[in-house]
Amino acid sequence: MGRIVRLTLDDVTDDESTVTVQLGDPPSPLPEPVADLMRAYIQSRRHLPYASSRSSQWLFPGRQPGQPMNPVSLQVHLREIGVPPQRGRASAIRQLVLQAPAPVIAKALDHHDKTTTRLVTEAGGSWSRYAPGGH
């Protein structure tokens, strides 16, 4: 969550057909309906309760001017609107490890290799013999 709250508006690109988020290189496309939710969220930022938040470049501005939202506050907010962050995060990582080697995902998300390797096994992925490092 710490990395997510530090995203800025410049980290989100919408070319009207695809919404991407700069979590690494290349940017990650958001699937529907998440892309529509991101579009709606960005549009709704102009109605935030704090003037300093409305002018902030943080994607998730905090109550303090110039500061992003606290990760715990974002988790609480997500729960309040019906999004279980931990379960969604684990599902998202399981999906990612089916599409790319676990060490690559671990590095991109700043996770431990052993955690993502376990998730690839649980998800039934085929990247178990990938040799990380510069080849």
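Residues numbered from 1 in each chain as written. Predicted model: local features only at pLDDT ≥ 70, side-chain atom pairs only at ≥ 80, totals over all residues. Heavy atoms only, no water.

## Section: the confidence of the model for the protein chain
Next, step 1: With 81% of its residues at a pLDDT of 70 or more, the protein chain has an overall mean of 79.
Next, step 2: By mean pLDDT, the top-scoring element of the protein chain is strand β1 (residues 12-14) (95), and the lowest-scoring one is helix α3 (residues 51-54) (64). (pLDDT = per-residue confidence, 0-100. Helix = DSSP H or I, 4+ residues; strand = E, 2+ residues; numbered from the N terminus.)

## Things to note about unusual backbone geometry
Negative phi characterises most residues that are not glycine, and trans characterises most peptide bonds.
Next, step 1: With an omega of 5°, the peptide bond between Glu 32 and Pro 33 qualifies as cis.
Next, step 2: Tracing the backbone through its elements, the reader meets Pro 33 in the loop between β3 (28-29) and α2 (34-44).
Next, step 3: Even without being a glycine, Glu 16 presents a positive backbone phi close to 75°.
Next, step 4: Overall, Glu 16 belongs to the exposed group, its relative accessible area being 74%. (Buried < 20%, exposed > 50% of the residue type's maximum accessible area, 1.4 Å probe, protein only.)

## Side note on the pattern of salt bridges
Next, step 1: This structure, assessed with the given rule, holds three salt bridges.
Next, step 2: Ionic pairing is found between Glu 32 and Arg 39, a salt bridge with its closest N-O pair at 3.6 Å.
Next, step 3: Residue classification places Glu 32 among the partly exposed positions, given a relative accessible area of 47%.
Next, step 4: We note a salt bridge from Arg 39 to Asp 36, for which the minimum N-O separation is 2.9 Å. With Arg 39 and Asp 36 both in helix α2, this residue pair falls three residues apart, about one helical turn.
Next, step 5: Several salt bridges converge on common partners, so that one network encompasses Asp 14, Glu 32, Asp 36 and Arg 39. (Salt bridge = Lys/Arg side-chain N within 4 Å of Asp/Glu carboxyl O.)

## As for the environment of Gly 24
Next, step 1: When you line up the elements, Gly 24 lands in the loop between β2 (19-21) and β3.
Next, step 2: Residue classification places Gly 24 among the partly exposed residues on the basis of a relative accessible area of 29%.
Next, step 3: Linking Gly 24 and Leu 109, residues 85 residues apart in sequence, is a C-alpha distance of 8.6 Å.

## Thoughts on the packing of aromatic side chains
Next, step 1: For the coordinates displayed, the defined rule picks out one aromatic pair.
Next, step 2: Consider the rings of Tyr 41 and Phe 60, whose centres lie 5.3 Å apart with planes at 35°: the pair is tilted. Of this pair, Tyr 41 sits in helix α2 while Phe 60 sits in the loop between α3 and α4 (71-80), and the two are 19 residues apart along the sequence.
Next, step 3: Note on Tyr 41: relative accessible area 23%, which makes it partly exposed.
Next, step 4: The exposure class of Phe 60 is buried, given its relative accessible area of 13%. (Phe/Tyr/Trp six-rings, centres within 6.5 Å; stacked < 30°, edge-to-face > 60°.)

## A word on the side chain of Asp 11
Next, step 1: You can see Asp 11 is positioned in the loop between α1 (2-5) and β1.
Next, step 2: A polar contact is formed between the side chain of Asp 11 and the backbone nitrogen of Thr 8, at a distance of 2.8 Å. (Polar contact = N/O pair within 3.5 Å; in protein donor to acceptor, adjacent residues only side chain to side chain.)

## Looking at the environment of Gly 124
Next, step 1: Considering the arrangement of structural elements, one finds Gly 124 in the segment after α7 (113-122).
Next, step 2: Put simply, Gly 124 and Leu 98 are 26 residues apart on the chain and 7.7 Å apart in space, counted from C-alpha to C-alpha.

## Some thoughts on the nonpolar core
Next, step 1: Counting 12 residues, the largest nonpolar core is built from Val 5, Leu 7, Val 12, Val 19, Val 21, Leu 30, Ala 35, Met 38, Leu 59, Phe 60, Leu 74 and Leu 78.
Next, step 2: Of all elements in the fold, only β2, α2 and α4 reach the threshold of two or more residues within this core.
Next, step 3: Those residues in contact with Val 21, other than ones at most four positions away along the chain, are Leu 7, Asp 11, Val 12, Pro 27, Ser 28, Leu 30 and Met 38.
Next, step 4: Ile 93, Ile 105, Leu 119 and Val 120 belong to the second largest nonpolar core, which has seven residues in total. (Core = buried A, V, L, I, M, F, W, Y, C linked by side-chain atoms within 4.5 Å. Contact = heavy atoms within 4.5 Å.)

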